[in-house]
Protein chains: 2
Amino acid sequence: MQMPEPDQAAIAARPRLLEGLRRIVPADSVIADDASLGAFESDGLTAYRQRPLATVLPETVDQVAAILKLCQDLGIKVVPRGAGTSLSGGALPLADGLLLGMAKFNRVLDIDLENRCAVVQPGVTNLGVTQAVQDLGYYYAPDPSSQIACTIGGNVAENSGGVHCLKYGLTTNNILGVELVLMTGEVLRLGGRHLDAGGLDLMGLVCGSEGLLGVITEVTVRILPKPQSQAALLLAFDAVEAAGACVARVIGAGIVPAGMEMMDRPAIHAAEDFVHAGYPRDAEALLIVELDGPEEEVAESIAEVEAIARTCGATSARVSGSEEERLAFWAGRKAAFPAVGRISPDYYCMDGTIPRARLSEVLTRMNEMSARYGLRVANVFHAGDGNLHPLILYDANAPGELERAEAFGAEILTLCVEVGGVLTGEHGVGVEKRDLMGTMFDAGDLAHQERMKCAFDPDHRLNPGKMFPELHRCAELGRMHIHRGQMPFPDIPRF
Amino acid sequence: MQMPEPDQAAIAARPRLLEGLRRIVPADSVIADDASLGAFESDGLTAYRQRPLATVLPETVDQVAAILKLCQDLGIKVVPRGAGTSLSGGALPLADGLLLGMAKFNRVLDIDLENRCAVVQPGVTNLGVTQAVQDLGYYYAPDPSSQIACTIGGNVAENSGGVHCLKYGLTTNNILGVELVLMTGEVLRLGGRHLDAGGLDLMGLVCGSEGLLGVITEVTVRILPKPQSQAALLLAFDAVEAAGACVARVIGAGIVPAGMEMMDRPAIHAAEDFVHAGYPRDAEALLIVELDGPEEEVAESIAEVEAIARTCGATSARVSGSEEERLAFWAGRKAAFPAVGRISPDYYCMDGTIPRARLSEVLTRMNEMSARYGLRVANVFHAGDGNLHPLILYDANAPGELERAEAFGAEILTLCVEVGGVLTGEHGVGVEKRDLMGTMFDAGDLAHQERMKCAFDPDHRLNPGKMFPELHRCAELGRMHIHRGQMPFPDIPRF
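An unreviewed UniProt entry lists chain A under the name FAD-linked oxidase C-terminal domain-containing protein, from Marinibaculum pumilum. Taken directly from UniProt, the Cofactor (unreviewed entry) text for chain A runs: "FAD".

Asker: Would you explain the state of the cysteines in this entry?
Answerer: Throughout the structure, instances matching the rule amount to one disulfide over all chains. Lacking any disulfide linkage, cysteine 246 of chain A is separated from the closest cysteine sulfur, that of cysteine 312 of chain A, by 4.5 Å.

Asker: Is there a simple way to think about the packing of aromatic side chains in this case?
Answerer: The description of an aromatic ring pair rests on the distance of the ring centres and on the angle between the ring planes. Going through the model one piece at a time under the given rule, you end up with six aromatic pairs over all chains. For the pair tyrosine 373 of chain A and phenylalanine 408 of chain A, a centre-to-centre distance of 5.0 Å together with 10° between the ring planes defines the contact as stacked. Residue tyrosine 373 of chain A is located in helix α14 (residues 359–373), and its partner phenylalanine 408 of chain A is located in helix α15 (residues 401–418); the two are separated by 35 residues in the primary sequence. An identical accessibility class is assigned to tyrosine 373 of chain A and phenylalanine 408 of chain A; each is buried. Taking 6.2 Å as the distance between ring centres and 75° as the angle between the ring planes, the aromatic pair formed by phenylalanine 337 of chain B and tyrosine 347 of chain B counts as edge-to-face.

Asker: Any chance you could explain the interface of chain A and chain B here in plain terms?
Answerer: Where interface size is given, it is often the accessible area lost as the parts come together that is meant. Taken together, the contact between chain A and chain B spans 85 residues of the former and 85 residues of the latter. On inspection of chain A and its partner chain B, the count reaches zero salt bridges. Our count for the contact surface shared by chain A and chain B stands at 20 residue pairs in polar contact (both at pLDDT 80 or more). Listing elements by their share of the side of chain A that touches chain B, those giving two or more residues are α4 (61–74), α8 (202–206), α9 (240–252), α11 (295–311), α16 (437–440), α17 (443–456), α18 (474–477) and α19 (479–482) of chain A. At 10 residues, α17 of chain A tops the list of elements feeding residues into the side of chain A that touches chain B. Classifying every residue of the side of chain A that touches chain B gives 40 nonpolar, 26 polar and 19 charged.

Asker: Would you explain the pattern of salt bridges in this entry?
Answerer: If charged atoms from side chains of opposite charge come close, those side chains can pair. Residue and element names in this part refer to chain A. Scanning all chains against the criterion turns up 50 salt bridges over all chains. The closest approach of N and O atoms between arginine 193 and aspartate 110, which form a salt bridge, is 2.8 Å. You can see arginine 193 sitting in the loop between β9 (187–191) and α8 and its partner aspartate 110 sitting in strand β5 (residues 108–112), a full 83 residues away along the chain. By relative accessible area, aspartate 110 is classed as partly exposed at 28%. Across the pair glutamate 284 and arginine 265 runs a salt bridge, and its minimum N-O distance is 3.1 Å. Of the two residues, glutamate 284 is situated in the loop between α10 (265–275) and β14 (285–293) and arginine 265 in helix α10; the sequence distance between them amounts to 19 residues. When its relative accessible area of 30% is taken as the criterion, arginine 265 is described as partly exposed. Linked through salt bridges whose partners overlap, the residues forming this network are Asp34, Glu41, Arg49 and Arg51.

Asker: So what exactly am I meant to see when it comes to the relation of the copies chain A and chain B here?
Answerer: Relating one copy of the chain to the other takes a rotation about an axis and a shift parallel to that axis. For these two chains of identical sequence, chain A goes onto chain B by a turn of 180° and a shift of 0.0 Å along the axis, with RMSD 0.0 Å. One copy is carried onto the other by what is essentially a two-fold rotation axis. The residues that chain A uses at the interface reappear at the interface of chain B in 100% of cases, marking a shared surface.

Asker: Before we go on, may I ask you to explain empty space enclosed by the protein in this structure?
Answerer: Remark: the empty space left among the atoms is shown by a probe the size of a water molecule rolled over them. Applying the stated rule across the entire model yields three cavities of 30 Å³ or more. In this structure, the largest cavity occupies an estimated 120 Å³ of space. Along the walls of the largest cavity sit 15 residues, with Asp196, Ala197 and Gly198 of chain A together with Glu158 and Asn159 of chain B positioned nearest its centre. Residues that form the lining of the largest cavity fall into these classes: three nonpolar, seven polar and five charged.

Asker: Help me understand the confidence of the model for chain A in this model?
Answerer: Reading fine detail from the predicted coordinates is not recommended where pLDDT is low. In this model, chain A carries an average pLDDT of 91, and 96% of its residues clear a pLDDT of 70 or more. Every residue in residues 479–495 of chain A scores below 50 in pLDDT, and together they form 46 contacts with partners more than four places removed in sequence or on other chains.

Asker: Any chance you could explain unusual backbone geometry here in plain terms?
Answerer: Trans peptide bonds make up the majority, and among non-glycine residues the majority have a negative phi. Even without a glycine there, the phi angle at arginine 116 of chain A is positive, about 50°. Note that arginine 116 of chain A resides in the loop between β5 and β6 (117–120). Of note in this structure, histidine 276 of chain B is not a glycine but carries a positive phi near 50°. Looking at where histidine 276 of chain B falls in the secondary structure, it is placed in the loop between α10 (265–275) and β14 (285–293).

Asker: I keep staring at helix α13 (residues 336–343) of chain A and nothing clicks. Help me out?
Answerer: Each full turn of the α-helix corresponds to 3.6 residues, which orients residues three or four apart in the same direction. Residues and elements named next belong to chain A. Taken residue by residue, α13 has Ala336, Phe337, Ala339 and Val340 as its buried positions. One side of α13 holds all its buried residues, which, seen down the axis, span an arc of 160°. Looking at the buried side of α13, the elements it contacts are β13 (259–264), α10, α12 (323–334), β16 (346–349), β17 (377–381) and β18 (390–394).

Asker: I would appreciate a short explanation of the packing of α9 of chain A against α14 of chain A in the present structure.
Answerer: Packed helices, taken two at a time, are described by their axes: the angle between them and the distance between them. Residue and element names in this part refer to chain A. Running from N to C, α9 and α14 point in directions that differ by 155°, and their axes come no closer than 8 Å. Our classification of the angle between α9 and α14 gives roughly antiparallel. Pair α9 / α14 crosses with right-handed handedness. Facing Val240, Glu241, Gly244, Ala245 and Val247 of α9, the residues of α14 in contact are Leu359, Ser360, Leu363, Thr364 and Asn367. Considered class by class, the residues forming the contact of α9 with α14 number five nonpolar, four polar and one charged.

Asker: I keep staring at the sheet that holds strand β3 (residues 77–81) of chain A and nothing clicks. Help me out?
Answerer: Note: strands within a sheet are paired through backbone hydrogen bonds, in either parallel or antiparallel orientation. All names here are of chain A. Pairing within the open sheet is mixed, and its four strands lie in the order β1-β2-β4-β3. The sheet is open, and its two edges are formed by β1 (30–31) and β3, each paired on a single side. With two bridges connecting them, β1 and strand β2 (residues 54–56) associate as antiparallel partners. Paired with valine 30 across the bridge in β2 is valine 56. Most of the contacts of α4 go to strand β4 (residues 97–101), to which it runs at about 170°, and overall it touches β2, β3 and β4.

Asker: Would you mind showing me how to read the sheet that holds strand β10 (residues 215–222) of chain B here?
Answerer: All names here are of chain B. Ordered by their spatial adjacency, five strands build an open sheet running β5-β6-β10-β8-β9, and the pairing between neighbours is antiparallel. The two strands at the open ends of the sheet, each matched to only one other strand, are β5 (108–112) and β9 (187–191). Shown here is a sheet whose adjacent strand axes are inclined to one another by a mean of 10°, direction ignored. Pairing of strand β6 (residues 117–120) with β10 involves four bridges; the strand directions are antiparallel. Paired with valine 119 across the bridge in β10 is threonine 220.

Asker: Would you explain the environment of arginine 404 of chain A in this entry?
Answerer: All names here are of chain A. Looking at the secondary structure, you find arginine 404 in helix α15. Between the C-alpha atoms of arginine 404 and glycine 374, which are 30 residues apart in sequence, the distance is 8.9 Å. Contacts of arginine 404, omitting those with residues within four sequence positions, involve Tyr373, Gly374 and Leu375.

Asker: Can you walk me through the domain arrangement of chain A in this structure?
Answerer: Residues and elements named next belong to chain A. For chain A, the domain assignment lists domain 1 (8–101), domain 2 (108–225), domain 3 (229–418) and domain 4 (436–491). Interface of domain 1 and domain 4: buried area, both sides summed, is about 730 Å²; carbon and sulfur atoms make up 51% of it. Among the residues domain 1 hides against domain 4, the three largest losses belong to Gln72, Lys77 and Val78. Together they make up 45% of the total. For the pair domain 1 and domain 4, the number of links is zero salt bridges. Inspection of the domain 1/domain 4 interface yields seven residue pairs in polar contact (both at pLDDT 80 or more). Where the side of domain 1 that touches domain 4 is concerned, the elements lending two or more residues are α4 and β3.

How each quantity is defined
- Residues numbered from 1 in each chain as written.
- Chains lettered and ligands numbered in written order.
- Predicted model: local features only at pLDDT ≥ 70, side-chain atom pairs only at ≥ 80, totals over all residues.
- Heavy atoms only, no water.
- UniProt positions renumbered as here; feature names shortened; annotations may be inferred.
- Disulfide = S-S within 2.5 Å.
- Phe/Tyr/Trp six-rings, centres within 6.5 Å; stacked < 30°, edge-to-face > 60°.
- Helix = DSSP H or I, 4+ residues; strand = E, 2+ residues; numbered from the N terminus.
- Buried < 20%, exposed > 50% of the residue type's maximum accessible area, 1.4 Å probe, protein only.
- Contact = heavy atoms within 4.5 Å.
- Salt bridge = Lys/Arg side-chain N within 4 Å of Asp/Glu carboxyl O.
- Polar contact = N/O pair within 3.5 Å; in protein donor to acceptor, adjacent residues only side chain to side chain.
- Nonpolar A, V, L, I, M, F, W, Y, C, P; charged D, E, K, R; others polar.
- Least-squares fit on C-alpha atoms with pLDDT ≥ 70 in both.
- 1 Å grid on protein atoms, 1.4 Å probe; cavity = no way out; pocket = protein on both sides within 12 Å on 5 of 7 lines; lining within 4 Å.
- Points joined across faces, edges and corners; volume = space filled by probe spheres on them.
- pLDDT = per-residue confidence, 0-100.
- Arc of directions from axis to C-beta.
- Axes fitted to C-alpha atoms, helices over the stretch in contact; angles between N-to-C directions.
- Parallel < 35°, antiparallel > 145°, perpendicular 65-115°, else oblique.
- Left-handed = near helix turned anticlockwise from the far one by under 90°.
- Pairing = 2+ DSSP bridges.
- Domains from an automatic or database assignment.
- Buried area = accessible area lost by both parts, 1.4 Å probe.

This is how it looks when you write it as structure tokens:
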């Protein structure tokens, strides 16, 4: 993973940047000493580290606007950061850029039950939204594993998912409005508390744009009534292919589980050794299927899923008989990542998504790759969504293993694309998958996307080096606008 | 409503256009005689009529690509058309443009239950998708009133809604992938059969883009299992404000009806006179609330909604005791538009959307306007979504009435925006609301949207004159790309 050469002019402008920032925010909101900057040098993808020119922590929209305008004037890049839990390096600082931390935007501004929404600042945590409305009988549906820490602003930037997105959708399906500030300091308000607006859907475009288009300063989220009841089913299989087939059959039968998660043998053992959830150690694959809704519906669906699982060769099926047991089923799944961390010095978490019907085939081919690369892989993932999270186990201190793990990961993602899937389900592209974008999009596709970026941020000041494998001067992409009367597309350089 | 002056060069190029088209498609797929072109001169917004240069009816993607490239080369504009049911004039032809009819793209290409989707051509009707999967126990959720006729391609272009969008979302929430052809002939495939892809969300941007970005040639839609049971509740109120308050209270109580429709006294009377649905003639407002799901859940929710309605002053409440009775409740609602057509020589159907909590207030103010303009208004609308469809009753033969109806409509939409709503819920902007875009978006917002248009269609060949109140040369919008080193936004002309 290579980042562009730092811009020496930007580095030279650091004193003017610091002076400008201190005119906009209180002095203690500007972090410039090297030791303190260490706290911001990486996000959830800790393999990559870089200290920024400085970190600033504004607390009003006006301050954000003034900071961006200052950076635009000084020619300094900006990396926005929520809680820094990105697994794709989305908040990785730039050596020649300012890190703009949104941690102080942590207030819930309004709870509006009649319009079934809440208006929150971007630094409110994902779980914080649910906590703000749960006593009223509501919750916020998307639930990334990092939900205790990750923020709504980051969720919008990455279009985050979670276990319950199978039934309730990703972030993009659960927001109504956003406010964002452009590099010029201009404040855009998109959407609101209403149905889809007229005109081109800029809010949809902003969701999942990974901090490349603007800095989000307010989000209006949909909230949902809490389900009347929940139950989970723990299904064991003696082959991952059988579990994969079961997932597709359940979906194909018209059942909509609230979540449907898969763990393979290495993940089961790691979790069981760690939290003693009572998982069957002899299983090759485990499915946790959660149903929610009225009790009668849940009971009926659980029986249906169990019957399908039997036809797919499930070797055991347990239904949670109480809320405690349901939570126990989930305990192992929720502890799976740290559990894998106990059995391997390092692991690399992938995030490919495939059409559900191809699950079995992809799992089989991943096992073949594992043998070929000589690296173990543990699978813990959102099977119902077709969203894989293979954890590649390696030892960063063993020479060549990191590189082998990266090559293995790239081959997995390439396979995902090959079967009709995509590079990412919920972690974003960031720096991690940036150089693989070419496996999924051709030069024309990427130029199209980059032209959107240019329309928001023509000087590539916001989070450059993320998402796009190469950055082009917007004037190149815009050449078609200049030579009118000629065919525009053949005129676009084919990179 | 003014359209730009026709381009004489394009009109002069008509013989070359016809000759080129006949090389691409069979001769009987090119419609050029004036009488036959009459069939295409307007869409669902029949107040506006215009014959195109010609109509072409391709049946393959290659043909669409060749036609667009031909028009790009000849400098001829193109208006795509599905079934022509647009209520905003989205498919209104241009005097200097080709009408590209997609009626022959009428095949269901694949039904894929394991990935819970169907792949269809854009000319398949909305109802046709449900018909293709209903024997398997599935359906397609968005259900515009025109669903017998309107096509999926048009639904994507307008981001169409319907009664059930309250619970199941608009078109944008129910599609997974689209294929579209750009003016250059380039074919873009966006999304697929999987979760949200990485990179910028161009599919989200295309949905609702009203034929301005590309011509849709394939759509992958989500399909849903049919609900186990359905029941409806007919609630009468002696004031529209009480009915409006009831809507907000039901939503605020955490209930998610499958649909929640409102009719006011003029609409009730018109419908009752027409289809004898058994509606109470003494009511000032009627709510039809539909619940779906397992029987027990539906029964419980119906009781809850009824209790809330009583506290809001409902004067009567009837629960459908059978499927026949449920359909009878809907019969009046479904016939409401033609029923209003019986009591007035002409009517004008509006489509504003407001935050639900402002319903009562907006209905009251609309009645005040009705008195002031001296024009009756009948309301039949998706109350649960806050999506209003006021029908303004007028007589086109009475001098000045059309103009008064248009002014009344504009005032309603301006009020919608004023209370935090938007100009359109599901009919699109088209030519109808084009000149009102300025009440909702400022010059900067519109320039932002138009820059997206420029990135897809820099020469404004696709459906120009729709959505944007004014068209700018893309080079003007792109000026910021050329003068680098300067602040980009102040450089954008403020129109």
